[in-house]
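Results of the structural survey
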Amino acid sequence: MGVRYTKPALSFDEQADLLISRGLVADKAQLVKRLEATSYFRLSGYLHPFRVAGSDHYQQGTSLEQVWRRCLFDQRLRTLVLDAIEAIEVYTRTQLAYCFAHQYGPFAYDDPQNFPNMLPDAFVKWQDKLRDQVQRSQQAKEEFLVHFFHRYGDVHTMPPIWCLIELMDFGSTLTFYRGIDYRIKQQIAGKVGVPDTVFSSWLLTLNTVRNRCAHHLRLWNWTLGNPVKLPGVRKHPQWGIASLPNDKLGVVLLFCRQLLNQISPGNRWTERINQHFTEFPEIPVIEMGLPANWQNHPLWTS
């Protein structure tokens, strides 16, 4: 027999009273303002690590300022992670379109035989999604599509792959990569120095992380649903120097840095991450799956 949810909706004032009654140290007026801007449910996620085990109450001295700093840390971390994901996604799109077009031709993406690792039903769904993305972009008057169909629309109902790739969301791009021949995967992954199976795993993880960032969900101490595949230590010994949990955000930061240094040498992302952590020294990095001296790890310094 299921349990019916019976909790009533509380006013912001009542929400503040509830948090203060559970031990949160806060000026009530300021807390109400925070709740109006952030929501009780979101703030509770950052409060959870401060709870007394087996109780709804918070550890003695837990303050709104402490919790709000974690919110700010996470908010700015999401922006930094999104910057990395953008560069990696654009790289993947570029390489996919380039390698695929040179192997099969600019319009060969509509032939299922060119996708030996994509099931027939998945291929049909992917094609439907691509057509939908083109239609929506046409309605939005995307300039390069308007130009293409004005000049070639009498013959073609879809653009060449190097145009189409710009309309794909990360999910469609990931489907594209996972469905192509393994030799093209190896060619793309080899340019960033990892096996194709590892790169595929990293893209899957980045797609999930990107969605969390887009929905402003808590990131810093989140546990990944699908653990990340890591390079073998025989060919990549730096991944075996310290034990790194492969289901925490810390490992995502490390492999993002590795990819960015291959894709965009001279980028300042590492410096920006270091500066961010320096600004919030109280953040417990162990909850991100990082050792205390993680910034000295060869994966972060090499």
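Placed above this text is the structure.
In this report, we go over the structure that sits alongside the text. (Residues numbered from 1 in each chain as written. Predicted model: local features only at pLDDT ≥ 70, side-chain atom pairs only at ≥ 80, totals over all residues. Heavy atoms only, no water.)

In this section: the nonpolar core. By size, the foremost hydrophobic cluster in this structure holds 89 residues, and its most contacted members are Leu43, Phe176 and Phe199. If you tally residues by element for this core, the top one is helix H4 (residues 64-104), at 17 residues. Excluding residues within four positions of it along the chain, leucine 43 makes contact with Leu19, Leu31, Leu35, Thr38, Leu64, Val67, Trp68 and Cys71. (Core = buried A, V, L, I, M, F, W, Y, C linked by side-chain atoms within 4.5 Å. Buried < 20%, exposed > 50% of the residue type's maximum accessible area, 1.4 Å probe, protein only. Helix = DSSP H or I, 4+ residues; strand = E, 2+ residues; numbered from the N terminus. Contact = heavy atoms within 4.5 Å.)

Turning our attention to the side chain of glutamate 89. Residue placement: glutamate 89 occurs in helix H4. By relative accessible area, which is 5% here, glutamate 89 ends up buried. Filtering out sequence-adjacent residues up to four positions away, glutamate 89 remains in contact with Met168, Asp169, Phe170 and Arg210.

Here we take up the packing of aromatic side chains. The geometry of an aromatic ring pair is captured by two quantities: the separation of the ring centres and the angle between the planes. What the rule picks out here adds up to 18 aromatic pairs. Arranged with centres 5.2 Å apart and planes meeting at 85°, the rings of phenylalanine 73 and phenylalanine 277 form a pair that is edge-to-face. Here phenylalanine 73, found in helix H4, pairs with phenylalanine 277, found in helix H12 (residues 269-279); they are 204 residues apart in sequence, far enough to count as distant. Of the two residues, phenylalanine 73 and phenylalanine 277, neither departs from the other in class, the shared state being buried. (Phe/Tyr/Trp six-rings, centres within 6.5 Å; stacked < 30°, edge-to-face > 60°.)

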